[in-house]
Amino acid sequence: MRVNIRDIQKMKADREPIVMITAYDATSARLSEAAGVPLLLVGDSLGMVIQGHDVPIPVTLDHIIYHAEIVTRVTQKALVVGDMPFLSYNVSVEQALTNAARLMQESHVGAVKMEGGEYLAGTIRRLVEVGIPVMAHIGLQPQSVYKVGGMKVQGRDLDGARQLLRDAEAVEQAGAFAVVVESVPAPLADMITRKLHIPTIGIGAGAGCDGQVQVFHDILGMFEDFTPRHTKQYANVGAIMREAIGEYAREVRERKFPAEENSFTMKDDVLAALSANGDASH
Ligand code: KIV
């Protein structure tokens, strides 16, 4: 049985920290599930870490479906959440319903995530009414990066902080089962967490949230020149991979690889027959 949204909500009630990580392919999904992570997010951060863009705007619903189908197919226990990409849910409630249904039916995710607070409450309510579990996403919303003018911390001034509190309450009242709180001052995220009954999953929002989400490639240190403040590198996998690839290239150039143990043999009589027939000569 997979983890479900009630299990995640019970973790808040039991004060058990909730761990979430992004996964985009079979390897990241299998490794994260094997490490015991109960919540996997097929995030539109794949636009940056898989597709090589600077922002998530170019990611389409088809891209998310493609990656989410892989993640659900190779996992057995984790609740897989599929991210609704840029403008795939905010044109109209009907558009959100149609696209969320596609994401669930074609990739088999157990929930969808959507960026937006107070203004998105009506859409969240309708999706939840028809049976689609929604994880909301407030604070920094990377799909609005061009409107905001960069990946900036949100809710630092009084108006911004009050808006965030309203956003948090609105998405809870609309029926979201959890909410991602991104790049928000820790004391404000803490306040939101204590106010809400649903779990808050923080990223750059301090230790007071009910859970934390991080991008797979960030915590593994796969980008050697990119270490945002909100993340921590638990390994230096990028450097290890670069060194291993360099070693492979050196051994090929020096004709040390493949060695005998990496090669296949054939029967002597077959080889002898080939040679006798002249098959091997020019
Ligand atoms: O797209 C993503 O990976 C996200 C998380 C970082 C919260 O939205």
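Refer to the structure above for everything that follows.
Residues numbered from 1 in each chain as written. Predicted model: local features only at pLDDT ≥ 70, side-chain atom pairs only at ≥ 80, totals over all residues. Heavy atoms only, no water.

### A few points about the side chain of Asp-83
Thinking step 1. Within the secondary structure, Asp-83 is located in strand E3 (residues 79-83).
Thinking step 2. Residue Asp-83 is classed as buried on the basis of its relative accessible area of 2%.
Thinking step 3. When residues no more than four places from it in sequence are discounted, the contact partners of Asp-83 are Leu-41, Val-42, Gly-43, Asp-44, Ile-64, Leu-103 and Lys-113. (Helix = DSSP H or I, 4+ residues; strand = E, 2+ residues; numbered from the N terminus. Buried < 20%, exposed > 50% of the residue type's maximum accessible area, 1.4 Å probe, protein only. Contact = heavy atoms within 4.5 Å.)

### Comments concerning the packing of aromatic side chains
Thinking step 1. Applying the stated criterion to the full structure yields 1 aromatic pair.
Thinking step 2. A ring pair is formed by Tyr-248 and Phe-257, whose centres lie 5.8 Å apart and whose planes are at 75°; its orientation type is edge-to-face. (Phe/Tyr/Trp six-rings, centres within 6.5 Å; stacked < 30°, edge-to-face > 60°.)

### Here's the deal with the nonpolar core
Thinking step 1. The biggest cluster of nonpolar side chains holds 56 residues, and the ones touching the most others in it are Leu-40, Leu-103, Val-112, Met-114, Ile-124, Leu-127 and Val-179.
Thinking step 2. Excluding its chain neighbours within four sequence positions, the residues that come into contact with Ile-124 are Met-114, Val-134, Ala-136, Val-171, Ala-174, Gly-175 and Ala-176.
Thinking step 3. Counting 17 residues, the second-largest nonpolar core is a separate cluster that includes Ile-5, Met-20, Val-81 and Val-213. (Core = buried A, V, L, I, M, F, W, Y, C linked by side-chain atoms within 4.5 Å.)

### Regarding the packing of helix H5 (residues 93-107) against helix H6 (residues 121-129)
Thinking step 1. Following both chains from N to C, one finds H5 and H6 inclined at 45°, their axes separated by 10 Å at the closest point. When the axis of H5 is compared with that of H6, the two are oblique. In this structure, H5 crosses over H6, and the sense of that crossing is right-handed. In this structure, H5 uses Val-93, Ala-96, Leu-97 and Ala-100 to contact H6, whose residues at the interface are Thr-123, Arg-126 and Leu-127. (Axes fitted to C-alpha atoms, helices over the stretch in contact; angles between N-to-C directions. Parallel < 35°, antiparallel > 145°, perpendicular 65-115°, else oblique. Left-handed = near helix turned anticlockwise from the far one by under 90°.)

Bear in mind that shape data such as this cannot, by itself, settle questions of function.
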